[in-house]
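# Topology and contacts: notes
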Amino acid sequence: MKFVAIVGSLRAGSLNRAVALSAADLCDPGVELTVFEGLAGLPFFEHDVEVVAPPAPVLAFRAQLAAADAVLITCPEYAAGMSGVLKNGLEWIVGGGELVDKPVAVVTASPATTGGERARAWTTETLRMMGADVLPESMSIPVAGSKIKGGRVADEGLRAQLRGVLAAMARSAKEKAELAAAEG
Ligand SMILES: Cc1cc2nc3c(=O)[nH]c(=O)nc-3n(C[C@H](O)[C@H](O)[C@H](O)COP(=O)(O)O)c2cc1C
């Protein structure tokens, strides 16, 4: 099974990247999670360009998502919303439809006690508009700096919660594959 993680922060010491990298470490055998590192390489979304010929980095992003059985989005909250780089990336895949009916878990990590839950709510609304199947196991991580050390999630409770998110992604992906097979 293939999972892709999209990290909505470009910061070197990003808490949200640490969550995605830890998720990759915590996957069960038989599941491979690849962290997509190309958000900064996507041009600003421009519909005129999209309809003529989407640029190569966009095509690569779309292909990676199309091949994924489930997607994990980890994102900071900036000014009460999702980061601009994530929103820009999502705009490029509205037209491609790569997230339609795809299981997507949204995780926000913030040093604040709210855990970035407003960014999660906004990201969830955007993803649902795009037809994604946003999983209820999505979660926000409050006071994230105290649970992440050396670029990985150190807190055992949080690691267990992340395993739960990954299990939900696998379960949903398996159900969808079985349904597709039954429908021929
Ligand atoms: C411009 C800016 C706006 C921010 N706005 C919020 C916010 O609205 N809510 C919040 O919880 N944290 C906010 N933060 C703090 C971020 O959650 C924090 O910098 C976090 O570590 C960023 O995620 P990252 O570690 O993955 O890069 C803001 C930070 C910056 C630089």
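Fair warning: this is a prediction, and the values are worked out from it, not measured in the lab. (Residues numbered from 1 in each chain as written. Predicted model: local features only at pLDDT ≥ 70, side-chain atom pairs only at ≥ 80, totals over all residues. Heavy atoms only, no water.)

## Focus on the site of the ligand
In plain terms, the rule: Residues are labelled near a given molecule or strand when at least one of their non-hydrogen atoms is within 4 Å of it. In protein, a polar contact requires one atom able to donate a hydrogen and another able to accept it; more generally it is a pair of N or O atoms within 3.5 Å, and residues adjacent in sequence count only if both atoms are side-chain atoms. Each accessible area is a Shrake-Rupley result for a 1.4 Å probe, and residues are judged covered by the shown protein chains and nothing else. For this classification, Asp, Glu, Lys and Arg are treated as charged, while Ala, Val, Leu, Ile, Met, Phe, Trp, Tyr, Cys and Pro are nonpolar and the rest, including Gly, are polar.
As a structural note, the neighbourhood of the ligand is formed by 14 residues, with Ser-9, Arg-11, Ser-14, Glu-77 and Ser-110 the closest of them. At 2.7 Å from an oxygen atom of the ligand is found a side-chain nitrogen or oxygen belonging to Ser-9. Within the backbone of Ala-79, one N or O atom sits 2.9 Å away from a nitrogen atom of the ligand. Across the complex, the protein chains shield 67% of the 620 Å² of accessible surface that the ligand would expose by itself. Tallied by class, the residues present in the shell around the ligand amount to seven nonpolar, four polar and three charged.

## Digging into the UniProt feature "domain: NADPH-dependent FMN reductase-like" (unreviewed entry) in the chain
The test is simple: UniProt positions are given in the numbering used here, feature names are shortened, and annotations may be inferred rather than shown by experiment. Strands here mean DSSP runs of E at least two residues long; helices mean DSSP runs of H or I at least four residues long; both are numbered from the N terminus.
Using the residue numbers shown here, the UniProt feature "domain: NADPH-dependent FMN reductase-like" (unreviewed entry) corresponds to residues 1-142. Within the segment residues 1-142, helix and strand shares are 37% and 23% respectively, and the terminal C-alpha atoms sit 30 Å apart.

## Some remarks on the pairing of strand 3 (residues 70-75)
Worth spelling out the cut-off: Accessibility here uses a 1.4 Å probe with only protein chains present; expressed as a share of the type maximum, an area under 20% marks a residue as buried, one over 50% as exposed, and anything in between as partly exposed. Should DSSP find at least two bridges between two strands, the strands are taken to pair.
Across the six residues of strand 3, six count as buried, placing the element largely inside the fold. Alternating residues of strand 3 divide into Ala-70, Leu-72 and Thr-74 and Val-71, Ile-73 and Cys-75, and every residue in both groups is buried. Note that strand 3 and strand 6 (residues 103-109) share five bridges and pair parallel. Residue pairing in the sheet places Leu-72 in a bridge with Ala-105 of strand 6.

## With respect to the environment of Arg-11
Counting through the fold element by element, Arg-11 comes out in the loop between strand 1 (2-7) and helix 1 (15-26). Considering only alpha carbons, one finds Arg-11 and Val-49, 38 residues apart in sequence, at a separation of 28 Å. In this structure the side chain of Arg-11 is engaged in a polar contact, spanning 3.0 Å, whose partner is the backbone oxygen of Gly-13.

## Things to note about helix 5 (residues 117-129)
Our working definition: By definition here, a helix of n residues has an expected span of 1.5 Å times n minus one. For this quantity, the arc is that covered by the directions from the helix axis to the C-beta atoms. We call two residues contacting when some pair of their heavy atoms lies within 4.5 Å.
Between its terminal C-alpha atoms helix 5 stretches 18 Å, which fits the 18 Å expected from 13 residues at 1.5 Å a residue. Residues of helix 5 that are buried: Ala-119, Thr-123, Thr-124, Thr-126 and Leu-127. Buried residues along helix 5 cover an arc of 165 degrees about the axis, so they all sit on one side. Among the exposed residues of helix 5, those pointing more than 90 degrees away from its buried face are Glu-125, Arg-128 and Met-129. Packing partners of the buried residues in helix 5 comprise strand 3, strand 4 (77-78), strand 5 (81-82), helix 4 (84-94), strand 6 and strand 7 (133-134).

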